[in-house]
Amino acid sequence: MRLAIVGAGPAGIYAADLLLKAERDFEVEIDLFEQLPAPYGLVRYGVSPDHPRIKGIITALRDVLDSGEIRFFGNVRYGQDLTLDDLKQHYNAVIFSTGAIRDAMLGVPGIDAEGSYGAADFVSWFDGHPDVPRTWPLEAASVGVVGNGNVALDISRMLIKHADDLLPTEIPDNVYQGLKANPIEELHLFGRRGPKYVKFTPLELRELGEVRDVDMVIDERDFEHADPYADEVLAKNKQVTVMTRIMDKWRDEQRAREAGEVEPSSRRLHMHFWSKPVEVVVEDGRVAGLKIERTRPDGEGGVIDTGEFEIIPMQSLYRAIGYFGSPLDEIPFDEARGVIPNEQGRVIDLEGNRVPGVYATGWIKRGPVGLIGHTKSDAMETLECLMADADSWWQPEHADAATIPELLSERGVPFTNLDGWHRLDEHELSLGDAAGRTRIKVVSRDEMTRISRGE
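In the annotation of an unreviewed UniProt entry, the protein chain is listed under the name ferredoxin--NADP(+) reductase and assigned to Leucobacter komagatae. On record in UniProt, under Sequence similarities (unreviewed entry), the comment for the protein chain is "Belongs to the ferredoxin--NADP reductase type 1 family." A UniProt comment under Catalytic activity (unreviewed entry) is attached to the protein chain, and it reads "2 reduced [2Fe-2S]-[ferredoxin] + NADP(+) + H(+) = 2 oxidized [2Fe-2S]-[ferredoxin] + NADPH".

Student: What is the right way to read the sheet that holds strand β11 (residues 275-283) from this model?
Tutor: Strands belonging to one sheet form pairs held by backbone hydrogen bonds; the direction of such a pair is parallel or antiparallel. A sheet is described by the order of its strands in space; here three strands give the open sequence β11-β12-β13, paired in antiparallel fashion. If you trace the sheet from one side to the other, it starts and ends with β11 and β13 (303-313), each paired once. Pairwise comparison of adjacent strand axes, ignoring direction, gives a mean angle of 25° for this sheet. Here β11 runs beside strand β12 (residues 286-297); their pairing, made up of eight bridges, is antiparallel. Each residue of the ladder has a partner; that of Pro277, found in β12, is Ile292.

Student: What should I look at first to understand the pairing of strand β10 (residues 267-272) in this one?
Tutor: Buried residues dominate β10, accounting for five of its six residues. Both strand β8 (residues 186-190) and β10 contribute to a ladder of five bridges, which runs parallel. Residue pairing across strands places Glu186 opposite Arg268, the latter belonging to β10. Of the strand pairs in this sheet, strand β9 (residues 214-218) and β10 are connected by five bridges, and their pairing is parallel. Bridged to Met216 within β10 is Leu269.

Student: What should I look at first to understand the packing of aromatic side chains in this one?
Tutor: Aromatic ring pairs: the centre-centre distance and the angle between the two ring planes describe each pair. Considering all chains together, one arrives at 17 aromatic pairs under this definition. Taking the centre distance of 5.3 Å and the plane angle of 20° together, the rings of Phe33 and Phe73 count as stacked. Linking Phe33 in strand β2 (residues 29-33) with Phe73 in strand β3 (residues 70-73), this pair joins segments that are 40 residues apart in sequence. Take Phe33 and Phe73: they sit in the same class, and that class is buried. Each ring, one from Phe73 and one from Phe415, has its centre 5.6 Å from the other, and the planes form 55°; the classification is tilted. Of this pair, Phe73 sits in strand β3 while Phe415 is found in the loop between α14 (403-410) and α15 (418-434), placing the two residues 342 residues apart along the sequence. Above the ring of Phe223, the side-chain terminus of Arg251 is found at 4.0 Å from the ring centroid. Stacked on the ring of Phe309, the Lys or Arg Lys291 has its end atom at 4.9 Å from the ring centre.

Student: Is there a simple way to think about the packing of helix α6 (residues 119-126) against helix α7 (residues 150-160) in this case?
Tutor: When two helices pack together, their arrangement is captured by the angle between the axes and the distance separating the axes. Viewed as axis vectors pointing N to C, α6 and α7 meet at an angle of 50°, and their least axial separation amounts to 10 Å. Here α7 runs oblique to α6, going by the angle between their axes. The interaxial crossing formed by α6 with α7 has left-handed handedness. Contacts between α6 and α7 pair Ala119, Phe122, Val123 and Phe126 from the former with Val151, Ile155, Met158 and Leu159 from the latter.

Student: Explain the environment of Gly107 to me, please; I cannot follow it from the model alone.
Tutor: Along the chain, the position of Gly107 falls in the loop between β5 (102-103) and β6 (116-118). Look at Gly107 and you get exposed, because its relative accessible area is 82%.

Student: Could you clarify how one ought to interpret the sheet that holds strand β16 (residues 342-343) in this entry?
Tutor: Taken together, the seven strands give an open sheet; going across it, the order is β3-β2-β1-β4-β18-β17-β16, and neighbouring strands pair in mixed fashion. Whereas interior strands pair on both sides, the edge strands pair on one side only; in this sheet they are β3 and β16. Bridge analysis of strand β4 (residues 93-96) against strand β18 (residues 354-360) gives three bridges, and the strand direction is parallel. Bridge assignment links Ile95 to a residue of β18, and that residue is Tyr359. Along the sheet, helix α1 (residues 10-21) makes contact with β1 (2-6), β2 and β3, crossing β2 at roughly 175°.

Student: How do you make sense of the side chain of Arg319 when you look at a structure like this?
Tutor: Among the secondary structure elements, Arg319 is positioned in strand β14 (residues 316-319). Sequence-distant contacts of Arg319, defined by excluding residues within four places in its chain, comprise Asp103, Ala104, Met105, Leu106, Ser116, Tyr117, Gly118, Ala119 and Val146.

Student: For this particular structure, what's the right way to read the UniProt feature "binding site: FAD" (unreviewed entry) in the protein chain?
Tutor: UniProt records the feature "binding site: FAD" (unreviewed entry) for Ala11, Glu34, Leu42, Trp363, Gly370, Leu371 and Ile372 in the present numbering. Residue Ala11 is classed as buried on the basis of its relative accessible area of 12%. Apart from residues no more than four positions distant in its own chain, Ala11 is found in contact with Ser97, Thr361, Gly362 and Thr375. Considering the arrangement of structural elements, one finds Trp363 in helix α12 (residues 363-366). Note on Trp363: relative accessible area 22%, which makes it partly exposed.

Student: What should I look at first to understand the environment of Ile30 in this one?
Tutor: Examined against the element boundaries, Ile30 turns out to sit in strand β2. On the basis of relative accessible area, Ile30 is assigned to the buried category, the value being 2%. Taking the C-alpha atoms as reference points, Ile30 and Val413, separated by 383 residues in sequence, lie 20 Å from one another. The residues contacting Ile30, other than those within four sequence positions of it, are Leu3, Ile5, Ala16, Leu19, Leu20, Glu69, Ile70 and Arg71.

Student: Just checking my understanding: could you explain the nonpolar core for this structure?
Tutor: Considering soluble globular proteins, one finds that nonpolar side chains tend to be buried as a cluster. Within the largest apolar cluster, 51 residues are counted, with the highest numbers of intra-cluster contacts made by Phe122, Met271 and Tyr318. Those residues in contact with Tyr318, other than ones at most four positions away along the chain, are Tyr117, Phe122, Trp136, Leu138, Val143, Gly144, Val145, Val146, Ile155 and Leu159. Judged by nonpolar contacts, the second largest core, of 40 residues, contains Leu19, Ile30, Leu418 and Ile451.

Rules behind the numbers
- All residue numbers refer to positions counted from 1 along the written sequence of the respective chain.
- The model is predicted, so local features are restricted to residues of pLDDT at least 70 and side-chain atom pairs to those at 80 or more, both for listing and for counting; the totals for chains, interfaces and linings are taken over all residues.
- The side-chain figures draw on all heavy atoms in the structure; neither hydrogens nor water molecules are used.
- UniProt positions are given in the numbering used here, feature names are shortened, and annotations may be inferred rather than shown by experiment.
- At least two bridges found by DSSP between two strands is the condition for calling them paired.
- Every helix listed is a DSSP run of H or I at least four residues long, and every strand listed is a run of E at least two residues long, numbered separately from the N terminus.
- All axes here are fitted lines through C-alpha atoms, helices being fitted over the stretch that makes contact, and every angle between N-to-C directions spans 0 to 180 degrees.
- Here's how the labels work: a residue is buried when its accessible area is under 20% of the maximum for its type, exposed when over 50%, partly exposed in between, all with a 1.4 Å probe on protein chains only.
- Centres within 6.5 Å are what make two rings of Phe, Tyr or Trp a pair, Trp counting through its six-membered ring; a difference in plane orientation under 30 degrees is then read as stacked, over 60 as edge-to-face, and the rest as tilted.
- Criterion for a charge above a ring: Arg CZ or Lys NZ at most 6 Å from the ring centre, at most 35 degrees from the ring normal.
- Any angle from 65 to 115 degrees is called roughly perpendicular, while one under 35 is roughly parallel, one over 145 is roughly antiparallel, and all others are oblique.
- In a left-handed crossing the near helix is turned counterclockwise from the far helix by less than a right angle, and in a right-handed crossing that turn is clockwise.
- Residue contacts are defined here by distance: any two heavy atoms, one from each residue, within 4.5 Å place the two residues in contact.
- In plain words, nonpolar cores are sets of buried Ala, Val, Leu, Ile, Met, Phe, Trp, Tyr and Cys residues tied together by side-chain atoms within 4.5 Å.

In structure tokens:
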């Protein structure tokens, strides 16, 4: 079997690894295609640079790629450099693992004002993604972030943190310079439900409170609601217990500051719970504030609008309410959910008919939820279907492995390979070593490609 996998993030690499290790009665050749010159997807371009332990996942992914059983083709755009017809001519099937890199929309008036941004775009910038602008408009003294998940915490931490504290990380130099000039004084983080309903992990929440020279500001009103559901259901969750303890500590520290027992810091991070965004306040086309409606618990895990409104002044706003998938040429796409429609990884068209030879795994299959463990079980489900479908595999006319690099070269595609990734990796590490840092990431796509190709 010759298999193409489009997308070299964790979902695609784990799918390849699991298929190679699976019990089967046929040989396998796998080619992994990635639109960027380097592999690893959101592990390289979606994780905050001050989270090196999460980037440790790269070690496991590297071992899979370095096994010698998978060919990597980087800097190859599906739909542009290779088409679905090309894949049918050279492979028995394709698995799409292209993830989700767009921001979900927040449907409130004013959300398109200047100064309103998506978290995914900001993450791509500070992670040195080659396809986004090299600068970011960090001009606001007061900033808002909508969302109560880990991405909201990541971007809040990156916005409020002093740039010099990021120097030990692999932060690109242009990002460091941008953050160094950031005039931020306060950040407001909004969630429409209460503090016990947050989707943070305790470690992420604790880290937020440990950022140097930043005070955590808590609204005591957010802890006054009687909530039987939270008391009976959420109280049994150990993570909720830990996060409640963390926030109680912040409340104690706040009381000490208010009593004059502790000197205030130069920056403040305000936590706003029971706060539903209803409108972005716009002046002269720019973000000027966020209008929120106070909510309260309904006793069953939901919220009730109270009719009480407040406006929090700010000059920029970030939405971190989830990622969203992107459509692919000639492949069915569910515009409402941002996924490729499928049944257990078997791609189906919008009428529910099977599309032979085409499969999906990862976030483009199930939506942007779940961690690495989910990615592995998700890939196994898709692979079991793929292996059971041998009768409907494509029958390629050009099954020789040498034809793909020949085809890409004929089309003038400056593709990169695994040796090229090793060259780029070593180059970035050497840049970091010269500056006393772990790594300095190369940002330009052309430079990444040139280094990878040894040009």
